[in-house]
2 protein chains.
Amino acid sequence: MISRAGCRTRWSSPPRSSRVSTDPSIPFRAEAHALDAADPLAALRDAFVGAETSLVYFDGNSLGRPPRVTAERLGDFVTAEWGGRLIRGWDEAWMELPFRIGDRIGRSVLGAAAGQTIIADSTTVLLYKLLRAALAERSAADPERVEIVVARDDFPTDRYLVEGIAAERGARVVWIEVDTARGVDADRLRAAVGPHTAVVLLSHVSYRSGYLADAATLTRITHDAGALVLWDLCHSAGSVPVDLDAWGVDLAVGCTYKYLNGGPGSPAFAYVAERHHATLTQPIQGWMGAADVFAMGPEYRPAAGMRRFLSGTPPVLAMLAMQDTLDLIEDAGITAIREKSVALTEFALRVSDGILSPLGVTLASPRDSGERGGHVTLSHPAMRSVTARLWASDVIPDYRDPDGLRIGLAPLSTSFAEVLTGLGAVADAVRAEH
Amino acid sequence: MISRAGCRTRWSSPPRSSRVSTDPSIPFRAEAHALDAADPLAALRDAFVGAETSLVYFDGNSLGRPPRVTAERLGDFVTAEWGGRLIRGWDEAWMELPFRIGDRIGRSVLGAAAGQTIIADSTTVLLYKLLRAALAERSAADPERVEIVVARDDFPTDRYLVEGIAAERGARVVWIEVDTARGVDADRLRAAVGPHTAVVLLSHVSYRSGYLADAATLTRITHDAGALVLWDLCHSAGSVPVDLDAWGVDLAVGCTYKYLNGGPGSPAFAYVAERHHATLTQPIQGWMGAADVFAMGPEYRPAAGMRRFLSGTPPVLAMLAMQDTLDLIEDAGITAIREKSVALTEFALRVSDGILSPLGVTLASPRDSGERGGHVTLSHPAMRSVTARLWASDVIPDYRDPDGLRIGLAPLSTSFAEVLTGLGAVADAVRAEH
């Protein structure tokens, strides 16, 4: 009995060491180890909740992990600032917080000089306000400018807002068609803009393909057509260098709950170039955007500077957490963050080519890292159920209809070993679907 | 030297015991003590941060104190839910949070059946969305209905929004003039509405005078004129009983950082009566208001029910704290809360009549408690500098131009002894200004 069982075991299921030797990811193990060992940002991973667990997180571009210190920051705020200072907190610090944190994001993440960035509302509401402001200014300057340009595959909010604003303001939508794995390039934009263009809304990094647009060039093309550009930075801010002032950008909006780890539903940021502060006004006229907030005067006069783009009471509690990640970004520097981000996605592509391509998985992101942001999308007809399998085994990517597995690699909190483990699990899950 | 000094001291400044005996607030001490002893909600005060200090807080209607458990709730959320569940939190709980907490506020605070209340955005943004929705619906039904009615002394955001929307939509503003210490009553509203009225925007409790409007009657008058009513409940929700369904209200919006203690800048709530869900749409078309959020389809189709009034990603982190106060409100019941609120303001008026009226302080709030919300405004030409003196001595009221000291008495966290101490300090500060 014992010898037969031993015999059968040996042949029907090889011992662990020989089974492992057939794992196609083995050749990448030494590489992952070496990349982690050489990573100057490796130690930052331990700053995040959950770094000590075996969970693989491939969705830091949807909701970033919290730094460990954030729990304490929020608890302390409740007791000491909100509970201790009460309404005095507004005079002492909170009224300036949208500008103070905005300026920090401007300086550390956006390449924006002080006085041009605020934290407020949601991405959707800020995009609405700035699209309305830009359309109103351009069409007032030239009544023929009634077109808003947007990409057909842009994030739903961006498209829905443009549709709604066009309908309510009597403007027209000009759609830019985009190929899979691509985004808006210079030729496509040149073909879309002209003397009727008022505003161009573009995503710096495509939420779907990860395509990284050439923002400087597309901004120049927009300006050459006499229009204003509004950049959606949701998928780039905090992982890709952004240089709004140098690029001559007019307007930008972005998320703080992705690479800036502001927490679920944290408020957004908006940038308006200083040259537009006197001429742009937005439609949601609340007390916080008025020239003298506490005079509570008889009629609305927009404040000078960025305050005019505020509407309601600043969401203080919700804008605290992102400061912990700004500390880390300022320590690391956005150049080093981008270097690691590129190394992470390059490694992911090599592993995918090695172990996923043979299974029929294809790349739906640009292969050239100069055209790619911080995430990679992999396609396969079974990706919906693959995602469910992965989630059940604590490997957490995002899924995008109809067949996209989105691998978001937050540079501050992701290790190369994590990338390899996760993609190995993707291979197992794809195999299990066959 | 010693005897002369002693002698001079005795005559120029009486010994402490005899000085105290002239304090005009002494007759009220026994009353404050008795009222606190008989207060069925007295023990709830200890649930709040700072209840153990000597600070007098008269501004719970501007920013409510945090419950002590809120610090722990937020810290735990960061570590366990955000950090532990990561993006899975959206599927597991967060997507429903705007509706779940909204329904709780509806049930416990607003007299609203489930499915009609959400948490989202700021008060300003929600008022904008619902005003736009109501104006669009009414003027589509009857192109002659192009008037928005609002009170001249309403909160700045309300007036500014109405002005802005009227300008952008080609509507007209009809202003209701209101006397000091009053608000909009039936006669004034009847004179303002008619066949051209589309929407009436009214505050349930005036931020300035504390006037409590007869919401049932004013809603009926609005409906008789064929218009929709939008109630601003910022200064009533959580302190005054509200019965939206029974009153037949169409729309309502309110703050959660006042009597609901959601924290500085916490998101607002909106109520839309179910009969309007199919016909009202709002202009800020974001992905969270779309019929199928994750289908990310080619064009915006508004979701059924209250989801269509969402725009951006729900502000999860910022809507957590209010749940701790909802626990307390549900324990106490809104009827007992209102009873205590009335007792607090009645006591404040008696003390004010006794010790502040002789100093030239006048009442700028209704004297009849049936017409008064949870705060009382006291006028005196020196109130601006009186407020500065009070803040410096840890007595924290609010100041409203030109001469109003606003005494907000949050029923869950304010004691009668605190009212007396605070008004005694007001008397001292007014005297010091003479």
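In this text, all values refer to a predicted model and were calculated from it rather than measured experimentally.

**Q** Can you walk me through the overall build of chain A in this structure?
**A** Each helix and strand in chain A was counted, giving 15 helices and 13 strands. Against the 2.2 N^0.38 benchmark of 22 Å for 434 residues, chain A shows a C-alpha radius of gyration of 24 Å, consistent with a compact globule. By the burial criterion, 55% of the 434 residues in chain A qualify as buried. Of the contacts formed within chain A by residues at least 6 apart in sequence, a portion of 72% connects residues at least 24 apart.

**Q** So what exactly am I meant to see when it comes to the pairing of strand E13 (residues 404-408) of chain A here?
**A** Sheet faces and side chains relate simply in a regular strand, where the side chains alternate between the two faces. Residues and elements named next belong to chain A. The buried fraction of E13 is high, at 5 of 5 residues. Of the two faces of E13, the one holding Gly404, Arg406 and Gly408 and the one holding Leu405 and Ile407 are both buried throughout. Note: strand E10 (residues 375-379) against E13, 5 bridges, orientation antiparallel. Opposite Thr377, over in E13, you have Arg406 as the bridge partner. Two elements, strand E12 (residues 398-400) and E13, share 3 bridges in a ladder whose sense is antiparallel. Note that in E13 the partner of Arg400 across the bridge is Gly404. Hairpin connection, E12 to E13: the antiparallel pair is bridged by 3 residues.

**Q** For this particular structure, what's the right way to read the packing of helix H13 (residues 334-356) of chain A against helix H15 (residues 416-433) of chain A?
**A** Residues and elements named next belong to chain A. One can describe the packing of H13 onto H15 by two numbers: an axis separation of 10 Å at closest approach and a directional angle of 30 degrees. Relative to H15, H13 is oriented roughly parallel. Crossing geometry of H13 relative to H15 is assigned as right-handed. On H15, the residues that touch Leu344, Phe347, Ala348, Val351, Ser352, Ile355 and Leu356 of H13 are Phe416, Val419, Leu420, Leu423, Val426, Ala427 and Val430. Counted by class, the contact of H13 with H15 contains 13 nonpolar, 1 polar and no charged residues.

**Q** Can you help me understand the interface of chain B and chain A in this one?
**A** How big an interface is tends to be stated in terms of the accessible area lost upon association of its parts. On the side of chain A, 63 residues touch chain B, which itself brings 63 residues to the contact. Of all elements in the fold, only helix H4 (69-85), helix H5 (88-92), helix H7 (123-141) and helix H8 (156-169) of chain B reach the threshold of two or more residues within the side of chain B that touches chain A. Here the element with the most residues in the side of chain B that touches chain A is H4(B); it accounts for 10 residues. A breakdown of the residues in the side of chain B that touches chain A according to their chemical character gives 32 nonpolar, 21 polar and 10 charged.

**Q** Explain unusual backbone geometry here, please?
**A** Generally, phi is negative for residues other than glycine and the peptide bonds are trans, each holding for most cases. All names here are of chain A. The residue after Asp401, namely Pro402, is reached through a cis peptide bond having omega 0 degrees. Its place among the elements puts Pro402 in the loop between E12 and E13. Positioned with a positive phi, Leu86 is a non-glycine residue whose angle comes to about 50 degrees. Checked against the element boundaries, Leu86 lands in the loop between helix H4 (69-85) and helix H5 (88-92).

**Q** Is there a simple way to explain the domain arrangement of chain A in this structure?
**A** Residue and element names in this part refer to chain A. Domain boundaries assigned for chain A yield domain 1 (23-68 + 333-433) and domain 2 (93-329). Measuring from the centre of the C-alpha atoms in domain 1 to the corresponding centre in domain 2 gives 29 Å. At the junction of the two partners, domain 1 supplies 31 residues and domain 2 supplies 27 residues. Counting residues per element, the ones that place at least two in the side of domain 1 that touches domain 2 are H13 and E10. In terms of residue count, the dominant contributor to the side of domain 1 that touches domain 2 is H13 (5 residues). Across the side of domain 1 that touches domain 2, the residue classes break down as 14 nonpolar, 12 polar and 5 charged.

**Q** What's the story with the nonpolar core in this structure? I'm lost.
**A** Note on soluble globular proteins: their nonpolar side chains tend to be buried together. In terms of nonpolar packing, the biggest core is built from 284 residues, with A:Leu131, A:Leu230, B:Leu131 and B:Leu230 touching the most fellow members. Not counting residues within four places of it along the chain, the set of residues in contact with A:Leu131 comprises A:Leu161, A:Val162, A:Ile165, A:Val199, A:Leu201 and A:Leu230.

**Q** What exactly am I supposed to notice about the relation of the copies chain B and chain A here?
**A** Copies of the same chain, two in number, are related to each other by a rotation about an axis and a translation along it. Mapping chain B onto chain A is achieved by rotating through 180 degrees and translating by 0.0 Å along the same axis, at an RMSD of 0.0 Å. Taken together, these values place the two copies in the relation of a two-fold axis. Interface overlap between copies: 100% of the residues of chain B at the interface are likewise at the interface in chain A, consistent with a symmetric, same-surface contact.

**Q** Which parts of the structure should I look at to understand the environment of A:Gly297?
**A** Residue and element names in this part refer to chain A. Following the sequence through the fold, Gly297 ends up in the loop between strand E8 (268-272) and helix H12 (322-332). Look at Gly297 and you get partly exposed, because 15 C-beta atoms sit within 10 Å. In the structure, Gly297 is positioned 103 residues away from Arg400 in sequence and 49 Å away in space, judged by C-alpha atoms.

**Q** Just to check I follow, could you spell out the environment of A:Leu251 for this structure?
**A** All names here are of chain A. Among the secondary structure elements, Leu251 is positioned in strand E7 (residues 251-254). Accessibility expressed as a C-beta count within 10 Å gives 27 for Leu251, which makes it buried. Measuring from C-alpha to C-alpha, the distance between Leu251 and Asp353 comes to 38 Å, with 102 residues separating the pair along the chain. Once you skip the residues sitting within four places of it in the chain, Leu251 turns out to touch Leu130, Ala134, Leu228, Leu230, Tyr271 and Val272.

**Q** Which parts of the structure should I look at to understand the sheet that holds E10(A)?
**A** Residues and elements named next belong to chain A. Taken in spatial order, the 4 strands line up as E9-E10-E13-E12 in an open sheet, and their pairing is antiparallel. Looking along the sheet, the strands with just one partner apiece sit at the ends: strand E9 (362-363) and E12. Each of E9, E10 and E13 is contacted by H13, which is oriented at about 15 degrees to E10, the strand it contacts most. The strands touched by helix H14 (residues 383-392) are E10, E12 and E13; relative to E13, the strand with the most contacts, the crossing angle is about 45 degrees.

**Q** Looking at this structure, how should I read the packing of H7(B) against H8(B)?
**A** Working note: a packed helix pair is described by the angle between its axes plus the distance between those axes. All names here are of chain B. Viewed as axis vectors pointing N to C, H7 and H8 meet at an angle of 40 degrees, and their least axial separation amounts to 10 Å. For the element pair H7 / H8, the angle class is oblique. The handedness of the crossing between H7 and H8 is right-handed. On H8, the residues that touch Thr123, Thr124, Leu127, Tyr128, Leu131, Arg132 and Leu135 of H7 are Thr157, Asp158, Leu161, Val162, Ile165 and Arg169. Across the contact of H7 with H8, the residue classes tally to 7 nonpolar, 3 polar and 3 charged.

**Q** Explanation requested: the sheet that holds strand E12 (residues 398-400) of chain B in the structure shown.
**A** For sheets, the rule is that strands pair by backbone hydrogen bonds, running either parallel or antiparallel. All names here are of chain B. Read across the open sheet, the 4 strands follow the order E9-E10-E13-E12; overall the sheet is antiparallel. Across the chains shown, the open sheet's two edge strands, defined by having one partner strand only, are strand E9 (362-363) and E12. In this structure, E9 lies alongside strand E10 (residues 375-379), joined through 2 bridges in antiparallel fashion. From the neighbouring strand, Leu363 faces E10, where its bridge partner is Leu378. Relative to the sheet, helix H13 (residues 334-356) contacts E9, E10 and strand E13 (404-408), its axis offset from that of E10 by approximately 15 degrees. Seen against the sheet, helix H14 (residues 383-392) touches E10, E12 and E13 and runs at an angle of roughly 45 degrees to E13.

**Q** What is the right way to look at the pairing of strand E4 (residues 172-176) of chain A in this model?
**A** Bridge count between strand E3 (residues 147-151) of chain A and E4(A): 5 bridges; the pairing is parallel. Its bridge partner lying in E4(A), A:Val150 is registered against A:Trp175.

**Q** Is there a simple way to think about the confidence of the model for chain A in this case?
**A** Parts of the model with low pLDDT should not have their predicted coordinates read in detail. Mean pLDDT over chain A: 94, with 95% of residues reaching 70 or higher. Low pLDDT, under 50, characterises residues 1-21 of chain A; the predicted model gives this stretch 3 contacts beyond four residues in sequence or across chains.

Conventions we followed
- Residues numbered from 1 in each chain as written.
- Chains lettered and ligands numbered in written order.
- Predicted model: local features only at pLDDT ≥ 70, side-chain atom pairs only at ≥ 80, totals over all residues.
- Helix = DSSP H or I, 4+ residues; strand = E, 2+ residues; numbered from the N terminus.
- Rg over C-alpha atoms; globule rule 2.2 N^0.38 Å.
- Buried ≥ 20, exposed ≤ 12 C-beta atoms within 10 Å, placed from the backbone.
- Contact = placed C-beta atoms within 7 Å.
- Pairing = 2+ DSSP bridges.
- Axes fitted to C-alpha atoms, helices over the stretch in contact; angles between N-to-C directions.
- Parallel < 35°, antiparallel > 145°, perpendicular 65-115°, else oblique.
- Left-handed = near helix turned anticlockwise from the far one by under 90°.
- Nonpolar A, V, L, I, M, F, W, Y, C, P; charged D, E, K, R; others polar.
- Domains from an automatic or database assignment.
- Core = buried A, V, L, I, M, F, W, Y, C linked by C-beta atoms within 7 Å.
- Least-squares fit on C-alpha atoms with pLDDT ≥ 70 in both.
- pLDDT = per-residue confidence, 0-100.

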